Amino acid sequence: MSTIDRRRLLTGAGAAAAGAALTAAAPAAPASAAAPAPRPAGDTIRPGDPRYEMLTTGNNKRFVAAPDYVRMIRSTEDAEQAVREAVRSGRRVSVRSGGHTFADLVCNPDVDVILDLSEMTEVRYDASRRAFAVQPGVRLLTLYEALYKGWGVTIPGGMCYSVGAGGHVAGGGYGLLSRAHGLVVDHLYAVEAVVVDRDRTVRTVVATREPDDPHRDLWWAHTGGGGGTFGLVTRYWFRSPDATGDAPSRQLMRPPSTVLVSALSFPWQDLDERRFSRLLKNFGAWHEQHSAPDAPETAIGTVFNVCHRAHGTLDLFVQADAEAPGADRMLDDYLAALTAGTGLRTTAMTRASGDLPAMPQLAAPRRMPWLDATRLVGTSNPTITHPALRGAHKSAYMRRNFTDRHTAVLYRHLTSEEYANPDTMVVLFSFGGRVNAVRPEDTAASQRASVFKMLFQTFWPDPSGDAAGLGWARAVYEDFLADTHGVPVPGEQYEGCYINYPDTDLKDPARNRSGVPWQTLYYQGNHDRLRRIKREWDPTGFFRHSLSVDPA
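In what follows, the accompanying structure is described. In this convention, every chain numbers its residues from 1, walking through the sequence in written order. It should be noted that, the model being predicted, local features are given only for residues of pLDDT at least 70 and side-chain atom pairs only at 80 or more, the latter also being counted only at that level, while totals for whole chains, interfaces and linings use all residues. By convention in this description, side-chain values take in all heavy atoms of the structure and omit both hydrogens and water.

### Considering the packing of helix α4 (residues 140–151) against helix α10 (residues 370–379)
Next, step 1: Only the stretch in contact is used when fitting a helix axis, every axis being a line fitted to C-alpha atoms; angles between N-to-C directions are given from 0 to 180 degrees. Helix and strand assignments come from DSSP, with helices taken as H or I runs of at least 4 residues and strands as E runs of at least 2, each series counted from the N terminus. Running from amino to carboxyl end, α4 crosses α10 at an angle of 170°, the nearest separation of the two axes being 11 Å. Comparing the axis directions of α4 and α10 gives the class roughly antiparallel. Between α4 and α10, the residues in contact are L141, Y144, E145, Y148 and K149 and W370, L371, T374, R375 and T379, respectively.
Next, step 2: Looking at side-chain class alone, the contact of α4 with α10 contains 5 nonpolar, 2 polar and 3 charged residues. Any angle between 65 and 115 degrees counts as roughly perpendicular, while under 35 counts as roughly parallel, over 145 as roughly antiparallel, and the rest as oblique. We call two residues contacting when some pair of their heavy atoms lies within 4.5 Å. In this count, Pro and Cys sit with the nonpolar residues alongside Ala, Val, Leu, Ile, Met, Phe, Trp and Tyr, while Asp, Glu, Lys and Arg are called charged and the others, Gly among them, polar.

### Considering the environment of G245
Next, step 1: Mapped onto the elements of the fold, G245 is located in the loop between β9 (232–238) and β10 (258–267).
Next, step 2: Throughout this description, buried means an accessible area under 20% of the type-specific maximum (1.4 Å probe, protein chains only), exposed means over 50%, and partly exposed covers the range between. In this structure G245 comes out as partly exposed when scored by relative accessible area, which is 43%.
Next, step 3: Taking the C-alpha atoms as reference points, G245 and N526, 281 residues apart in sequence, are found 33 Å from one another.
Next, step 4: Not counting chain neighbours up to four residues away, the residues in contact with G245 comprise R130 and Q251.

### Concerning the environment of C107
Next, step 1: The residue C107 is located in the loop between β3 (93–96) and β4 (113–116) in this model.
Next, step 2: We classify C107 as buried; its relative accessible area is 6%.
Next, step 3: The sequence separation of C107 and V95 amounts to 12 residues, and the corresponding C-alpha distance is 9.3 Å.
Next, step 4: Other than its neighbours up to four places away in sequence, C107 contacts T56, T57, G58, F63, V64, A65 and R96.

### Here's the deal with the environment of D355
Next, step 1: The topology assignment puts D355 in the loop between β13 (347–348) and β14 (366–369).
Next, step 2: The buried category is assigned to D355, whose relative accessible area is 15%.
Next, step 3: Taking the C-alpha atoms as reference points, D355 and Q493, 138 residues apart in sequence, are found 27 Å from one another.
Next, step 4: Excluding anything up to four places from it in sequence, D355 contacts M159, C160, N305, V377, N381, P382 and T383.

### Structural notes on unusual backbone geometry
Next, step 1: Phi is positive for R130, close to 50°, though the residue is something other than glycine.
Next, step 2: Residue position: R130 is located in the loop between β5 (123–126) and β6 (131–134).
Next, step 3: The backbone of Q524 shows a phi angle near 50°, a positive value even though the residue is not glycine.
Next, step 4: Structurally, Q524 is set in the loop between α14 (518–523) and α15 (527–537).

### Quick word on the packing of aromatic side chains
Next, step 1: Only the six-membered ring of Trp is used, alongside the rings of Phe and Tyr, when aromatic pairs are assigned; centres must lie within 6.5 Å, and planes under 30 degrees apart are stacked while those over 60 apart are edge-to-face, with the rest tilted. Inspection of every chain in the model, using the stated rule, returns 27 aromatic pairs.
Next, step 2: Relative to F480, the ring of F456 has its centre 5.5 Å away and its plane inclined at 65°; by these criteria the two rings are edge-to-face. Of this pair, F456 sits in strand β17 (residues 452–460) while F480 sits in helix α13 (residues 466–480); the two residues are 24 residues apart in sequence, bridging distant segments of the chain. When sorted by exposure, F456 lands in the same class as F480, which is buried.
Next, step 3: Through a chain of ring-to-ring contacts, the aromatic side chains of F266, F283, F304, F402, F452, F456, Y477 and F480 assemble into a single cluster.
Next, step 4: By definition here, charges over rings are those cases where NZ of Lys or CZ of Arg is within 6 Å of the ring centre and within 35 degrees of the ring normal. A cation sits over an aromatic face here: R239 above Y189, 4.2 Å from the ring centre.
Next, step 5: Directly above the aromatic system of Y498 lies the positively charged group of K453, at a separation of 3.6 Å from the ring centroid.

### A closer look at the sheet that holds β3
Next, step 1: Overall, mixed pairing links the 4 strands, which are arranged β1-β2-β4-β3 in an open sheet. Each of the sheet's edge strands pairs with one partner strand only, and the pair in question is β1 (44–45) and β3.
Next, step 2: Pairing between two strands requires that DSSP report at least two bridges joining them. Bridging between β3 and β4 involves 4 bridges; their strand directions are parallel. The residue bridging R96 from the neighbouring strand is D116, located in β4.
Next, step 3: Lying over the sheet, helix α3 (residues 76–89) contacts β2 (69–72), β3 and β4, oriented at roughly 155° with respect to β2.

### A closer look at the state of the cysteines
Next, step 1: Count a disulfide wherever a pair of cysteine sulfur atoms falls within 2.5 Å. Here the structure, examined in full by the defined rule, presents 0 disulfides.
Next, step 2: This cysteine, C107, is not joined by any disulfide, and C160 carries the nearest cysteine sulfur, 18 Å off.
Next, step 3: Between C307, a cysteine without a disulfide, and C160, which holds the nearest cysteine sulfur, the sulfur-to-sulfur distance is 15 Å.

Spelled out as C-alpha cells, the structure:
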C-alpha cells in the first residue's frame, strides 16, 4: 500500500514541490510551514534489474513493453529532469501511475522509456489554494483513507483500491458516489503538469479552473481528455464547486457517514430468456426513471455483473446512503423493481465475481461506515490480485433502456457453449444523477446524458486464451451495437465510450464500421477543443500513445 507523508498531512504546507519552475506560481506557504527537503531522484531500472520484468507490464498481462529503462519519479523536479533526459535523447515515453490501463497505452513495444509516478503518493491540504493536493501515484483507497480520516471528505472515485489517481482523474473518474456527487473531475480545481514546448523546452505549469487563468485550457483538458496526452501530471488539486469558507472540511464533498450495502446473486438455473430479458429491462427502466440530477434515488449506486452462465450466477452489489430520507424503503423498492415480473429469488453472493469479492454476509442489507464498505469492496478484488491475468474490455454509455434485440444478443452470448468462461460478464454501472447536471462542454468528459454504463469484459490466465477471449468480446460488442455498425455512436440510444476503458479496436475500420471517428466516440463535440489544446501545450506530440489526442 502506498505511504502518506503524515507531517505534510498535518501541516498543510501550501508550496508546490521544491525546485519546480512554475509558470503560474502558487502563493507562498505560511511562514510557519517549513519547506520540505527535495527528494532524491528515483531509480533508473534497466534490463537485468530484478524489478524490470514487473515494471514493464501492468494489470493486463496482454501488454508488455521492452523499454531502454523505467524511470521512477519522486517529485516534480525529478519529473522535469526525467522528461528533459528523454527529450535530449530523442526517446519515446509513456506515463504510468497505477498500471491499470486496459490497452497498450503504457506498456507498448514502441516505448523507449516508461515514466513511473507510483512513488509520488503525497496527499495534503493546501491552504494557499483552499484545495487538497494529491500526487498522481497515490492509490485510490489510500487517497480515500487520507481524505476521510484527515478531514471527513472524499472524491466520488472508483472502487478498485489499487488504481492510481493519475490516470483515473485525467479520464474523468467515477464510482458509487457519482450519482449523488458527479464525476471526480467535477471537483478538480487545478493541475500541475510538466510540458514540452515547440522548441523542446521542458517546464512545469499550474493550470486552474479560474475563469481568468491564462492556462485554464490545460486544466480543462485534464477533466476527461485522458492520461499521458497533454503533459506529465505531477499534482492535482481538488475543491468542490460549491465549497465555502476556509475550513478544509468544507472544501470538498463529504461522503455519507454510513451506507446500506447488499450483495445478491441470481442463479442461472432460475433464468430463461424471458426472465433474463425482464431483469435487465427492469434495471434499465429504473435508471431511466430515477436518474435526474435531483432525484432522491441518486443515493443509490449499483454494480451489476451479468455473468456468463458458466459462472453460475448474475451478481449485484448495491450501496445506498443510509442518511438519505427513507433509505431503507428506497433500497427495498429498488430491489423489488429489479425483480418485478420475473419470479426470481435472490441468494447470497458466495463466490467472487469480476471485480467483486464474495460477500455472503450481505444477503440482507447491512449498515456500515462508508469507509468500511469502501474497503470491503475494494481490497478483495480478484481481478486486481491475480498475478497473470489477461483481459479484453469494451464500453458503452446508455441513454435509454435495453431493447428486445439488446437482451436477446446478451442472452445468446452469455449462454454460449462455444465460450464457456466463468470469468466473462457484461457489467452494468449506475450512472446519471449529478453527473448529468454538468453541461457536456464544461469538462472534457462529455457524456452527461446517460443513465447507466456498460463494460463488456472477459479474463483468462495465459496467452493460449487470447484468440478466444478477444473473439468473444468483439462478437458480443459488435452484435449488441449492430444498429450503429459495431460501436456506440452518440445519439438517442448511446453516448459513446469511456476513455478510461480504452479500446484500440475503435480505430480499426474492420471493427468500427460506423464511419464515426474513434475520437468522437470518446469525446463527442469536445474533440476539436482538445486538439487545439494539444497543439498549444504539446505541439510536437511528445506525449502520445495509441489513443492520445493529435494536435490540430
